[in-house]
Amino acid sequence: MIVASGFYLYLRPGLPPVDQLLDIKLQTPLRVYSADNRLIAEFGEKRRAPVTIEQIPTIQLHAFLAAEDSRFYEHFGVDIKGLTRAAIELVSTGAIQSGGSTITMQVAKNYFLSRDRTFIRKFNEILLAIQIERELSKERILELYLNKIYLGNRAYGIASAAQVYYDKPVSELSLAQMAMLAGLPKAPSAYNPLANPERAQIRRNWILGRMRDLGYITEDAHELAAAAPLTASYNAADTEVDADFAAEIARTEMVRRFGDKAYTDGYKVTLTVDGTKQQQATLALRNGLEAYDRRHGFRGPIGQIDRGELKPENFERLAANYPRVGTLIPAIVTGIRDDDGEVDLFARTLGKTVMPFESMSWAHRYRTENLTGPAPEKPSDVIKQGDVVYVKPAADPALDAMDEDKEASDNNAPQVDTIDIRKVALAQMPDVEGALISLDSETGAIESLAGGYSFGQSKYNRATQAKRQPGSTFKPFLYLAALESGMTPATIYNDAPIVFDDDELERAWRPQNASGQFYGPTRLRKALYLSRNLVSIRLLRDVGIQNTIDYLDQLKIPTDDMQKDLSLSLGSGLMTPMDLARGFAVLSNGGYDVQPYLITSIRDVNDEEIYRAPEVLLCDKDCDEKEVQAKKEEADDDEPQAVRVSRRLADERSVYILQSMMRDVIRRGTGRRAMSLGREDLAGKTGTTNEQRDTWFAGYNHSMATTVWIGFDQPAPLGRREFGGTTALPVWVDYMEVALNGTPSSLMPRPNGIVSVRIDPETGKRARPGQDGVFEIFREEDAPPPLDPSEESGGGENGDDDLSRQIF
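What you see is a predicted model, and the numbers here were worked out from it, not measured in a lab. Per chain, the residues get numbers from 1 upward, laid out in the order the sequence is written. It should be noted that, the model being predicted, local features are given only for residues of pLDDT at least 70 and side-chain atom pairs only at 80 or more, the latter also being counted only at that level, while totals for whole chains, interfaces and linings use all residues. Only hydrogens and water are removed before side-chain values are computed, so all heavy atoms of the structure are retained for them.

## A closer look at the overall build of the chain
Right, on to step 1. Secondary structure follows DSSP: runs of H or I at least 4 residues long count as helices, runs of E at least 2 residues long count as strands, and numbering of each begins at the N terminus. Counting secondary structure elements, the chain contains 27 helices and 24 strands.
Right, on to step 2. Expressed as a percentage of its 808 residues, the buried residues of the chain come to 53%.
Right, on to step 3. The contact rule is simple, with two residues in contact once any of their heavy atoms fall within 4.5 Å. Considering only contacts within the chain whose residues lie at least 6 apart along the sequence, 70% involve residues at least 24 apart. To sort residues, take the accessible area from a 1.4 Å probe on protein chains only and compare it with the maximum for the residue type: under 20% means buried, over 50% means exposed, and anything in between is partly exposed.

Laid out in structure tokens, this is it:
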């Protein structure tokens, strides 16, 4: 008693207060969800999903009590019998066989103490356990224990273990599965059903016997559970949406806000991305990059296996040396049957597969970006035995794309070689890259974002980080500046050769149209939808380079990397796909400011909302007053909702006219492929830079703006037959087909002050009575003046002189 009292007086001052237990945050990973509540990603070393004692079945509680502390409800935190037994074993054998720690002592150790095996730590553990029992209920202690214990495979807590081993919530486990989990705390590795199934089964059946002896289960239940087979398998948290690039942006922002606690404090982040749209964005971009790659030929195998190693028992090990990338699966060529037109392979995660020659017919040998070899005539023209190539399942590649994460993470799954041999198609990882970004035009919410072919292969986010020349996709901003300066869709410019001498250039600059031809006098509307370069250059010269730069600043388009010369008109500056998408969103919504954002809300581990993105308020006038009023209402509200005032940046009539011109890009210009969507509300612009180094398509309706970029990370020609309309536009169409599915037509309402006038398409002036003409829209003050009587009758040489001056 004297010794015990001495230890108590010595150790008591250093013990932490028990009420700290109620404030301790269990290390719970950061989870990122889509707008439709589908899991995108999980970040954190420890897998944990805290649960309350009410959510755990009573029989599961009994399983842990039988395994760890059968007298839990009888002792005061310390089991004297158990400690005495452990002390006798230590003296007699030199080791503790049965253990003497109660569940309460384990709580004290897990939450407060180190794992050092010393007598001082053990006495601290005993004193803390007694203190915990005095201040907390048995149910609360048991709940703390079941949420904290380590159960192997990075699973902490009973709920996480149920997910990892059985892919079920704890409430759906069978008796045998419950007993298996209850056996893990003693030795998570030694009794692990994945690493040591035989020992795990012995431990499970011992616990079932204890449960029977303690009266927790009947004899019949015991016999059924003891005879049950092992059903544990490794189940990582299944991500439901392929949005790794978006998840990485969210992770970076959370670390900026909360530091390393972002990974441990159980935050739940809901993003603006829509799960269905995001999945289609990823798939459309991958398909588009693969289609480009196939057009330019097969670059050969990714590896070669020595003939001596080509034995069936080695296939699985050899295939494991090559990673999956996106939906591409590495496969070893084990045999070629030219007469049958088939190739035998062993594919990682698929096992034995067969590749028909039809799936290889595209594989002309790559020579340059403009040249491929002859068409293959048999499988051996493409590959040989021992080659390692990428393949895709031939049946349903879209389905395999959805299942990619689950298959790649299931390291314990056996190879599929007992089912019917599956057919696959030859593929290769594209060298070309791309990006797709889609915004809600009014709010700026990012609805989908794909920053490259595969995040696993390259974490470089081209949607937000790649600064590239926008080419002709820049032209709408120049045309909008021209419309605001008084020009009209009917203004005539001459599409004719032009030469510029520049002291900084080694030779004169002779810009051309993409076709290499010149088309003479052209209305601005036609010049835009046919993307006439020489008209754009003359237009910039008239609007003024500095005036255009100032207007871009007004639109909040970054100008630091813009050229301060006439090449600006052809998109020679640098913009990221996000910059361009934001600019097109301003055109889409009628001219209001857009601030893209990704995070809708953040909730803490208790599911309390600690952040919500501001509500967007579009504003035409008195914006400062509205902003002050919004902040006042936010301060007065018990549950404030932040408001962001989005100001008008461009004249709505000019934007409306520009939208009309850009719809012609799709109806009759370089974006005609988008007509396959069967909609009348789409506008857009293709873009291709010099030597086809960057190709673009940016398009929108009144609700959504989407931009696609295709090019090499290190700028290089894509090939002389590659343009925005052949590379980027098909990706845009594939995405928008899903993104717009079921949505009504969304056109900008016609603002006041717009007039429609019938004009002569050759001169841009009002058409004479009886003359064939076309209708054009104008701002009221910019409409062509009425014809003079002499012009109405067809005369008037002065009009021709005015036209000549306007053209030249």
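Having put the structure on the table, let's press on.
## A few points about the sheet that holds strand β22 (residues 704-711)
Right, on to step 1. Pairing between strands is defined by DSSP: at least two bridges between them are needed. If you trace the five strands from one edge of the open sheet to the other, you get β13-β12-β22-β21-β20, paired in antiparallel fashion. What marks the edges here is a single partner per strand, and that holds for β13 (446-450) and β20 (683-688). When the angles between neighbouring strand axes are averaged without regard to direction, this sheet yields 5°.
Right, on to step 2. Pairing between strand β12 (residues 433-440) and β13: four bridges, direction antiparallel. Looking at β13, one finds that Ser438 is bridged to Ser448.
Right, on to step 3. Interaxial angle, 0 to 180 degrees, is taken between N-to-C directions of lines fitted to C-alpha atoms, where a helix line uses only the stretch in contact. Contacting β12, β13, β20, β21 (694-700) and β22, helix α22 (residues 577-588) runs over the sheet at an angle of about 150° to β22.

## Remarks on the pattern of salt bridges
Right, on to step 1. Throughout this description, the term salt bridge denotes a Lys or Arg side-chain nitrogen within 4 Å of a carboxyl oxygen of Asp or Glu. Inspection of every chain in the model, using the stated rule, returns 47 salt bridges.
Right, on to step 2. Its salt-bridge partner being Arg337, residue Glu342 comes within 3.0 Å of it at the nearest N-O pair.
Right, on to step 3. A salt bridge links Glu776 to Arg525; the shortest N-O distance between them is 2.7 Å. Taken together, the positions of Glu776 in strand β24 (residues 774-779) and Arg525 in helix α19 (residues 524-529) put the pair 251 residues apart, joining distant regions of the chain. Taken individually, Glu776 and Arg525 each receive the classification buried, so the pair is uniform in this respect.

## Quick notes on the sheet that holds strand β3 (residues 268-271)
Right, on to step 1. Across the sheet, which stays open at both edges, the five strands sit in the order β2-β1-β3-β16-β17 with mixed pairing between neighbours. Both outer strands of the open sheet, β2 (39-43) and β17 (609-612), are each paired with one neighbouring strand and no more. Direction aside, the axes of adjacent strands within the sheet are offset by 15° on average.
Right, on to step 2. Inspection of the sheet shows strand β1 (residues 30-33) paired to β3 by three bridges, in the parallel sense. Note that in β3 the partner of Tyr33 across the bridge is Thr270.

## Some words on the state of the cysteines
Right, on to step 1. Two cysteine sulfurs form a disulfide in these notes if their separation is within 2.5 Å. Per the stated rule, a full pass over the model turns up one disulfide.
Right, on to step 2. Bridging Cys619 to Cys623, the disulfide has an S-S length of 2.1 Å. Residues Cys619 and Cys623 share a disulfide whose torsion about the S-S bond is about -110°; that sign makes it left-handed. The exposure classification of Cys619 matches that of Cys623, with both residues buried.

## Let's talk about the nonpolar core
Right, on to step 1. Among buried residues, the Ala, Val, Leu, Ile, Met, Phe, Trp, Tyr and Cys ones that are joined through side-chain atoms within 4.5 Å form a nonpolar core. Grouped together as the largest cluster of nonpolar side chains are 82 residues, with contacts concentrated most on Ile40, Leu271, Phe477, Tyr479, Leu539 and Phe584.
Right, on to step 2. Excluding its chain neighbours within four sequence positions, the residues that come into contact with Leu539 are Leu478, Tyr479, Ala482, Met487, Tyr493 and Leu524.
Right, on to step 3. Counting residues in each nonpolar core, the second largest holds 51 residues, with Ile149, Ile158, Tyr165 and Ile217 among its members.

## A few points about helix α18 (residues 475-484)
Right, on to step 1. Within α18, nine of the ten residues are buried, which leaves the element mostly enclosed by the surrounding structure.
Right, on to step 2. Among the residues of α18, Lys475, Pro476, Phe477, Leu478, Tyr479, Leu480, Ala481, Ala482 and Leu483 are the ones counted as buried.

## Description of the packing of aromatic side chains
Right, on to step 1. A pair of Phe, Tyr and Trp rings is counted when the ring centres sit within 6.5 Å of each other, with Trp represented by its six-membered ring. The angle between the planes then sorts it: under 30 degrees is stacked, over 60 is edge-to-face, the rest tilted. Following the criterion strictly, the structure yields twelve aromatic pairs and no others.
Right, on to step 2. An angle of 75° between the planes, with centres 6.3 Å apart, marks the rings of Tyr292 and Phe712 as edge-to-face. Note that Tyr292 is positioned in helix α13 (residues 275-295) and Phe712 in the loop between β22 and α25 (728-739), a separation of 420 residues in sequence. Just as Tyr292 is buried, Phe712 falls in that class too.
Right, on to step 3. Both rings, one in Phe298 and one in Trp362, keep their centres 6.0 Å apart while their planes meet at 85°; by these two values the pair is edge-to-face. Of this pair, Phe298 sits in the loop between α13 and β4 (303-304) while Trp362 is found in the loop between β7 (351-356) and β8 (366-368), placing the two residues 64 residues apart along the sequence.
Right, on to step 4. Counting every residue linked through ring pairs, the aromatic cluster contains Phe474, Phe477, Phe584 and Tyr700.
Right, on to step 5. A ring has a charge above it when a Lys NZ or an Arg CZ is no more than 6 Å from the ring centre and no more than 35 degrees off the ring normal. Residue placement shows Arg648 over the ring face of Tyr592; its charged tip is 4.2 Å from the ring centre.

## Things to note about the environment of Ser70
Right, on to step 1. With respect to the helices and strands, the residue Ser70 is situated in the loop between α3 (58-68) and α4 (80-93).
Right, on to step 2. According to the relative accessible area criterion, Ser70 is partly exposed, its value standing at 26%.
Right, on to step 3. Taking the C-alpha atoms as reference points, Ser70 and Ile103, 33 residues apart in sequence, are found 9.6 Å from one another.
Right, on to step 4. Residues within four places of Ser70 in sequence aside, it is in contact with Leu65, Arg210, Leu214 and Tyr216.
Right, on to step 5. Counted as a polar contact is a pair of N or O atoms within 3.5 Å, where, for protein atoms, one must be capable of donating a hydrogen and the other of accepting one, and residues adjacent in sequence contribute only when both atoms are in side chains. A distance of 3.2 Å separates the side chain of Ser70 from the side chain of Arg210, its partner in a polar contact.

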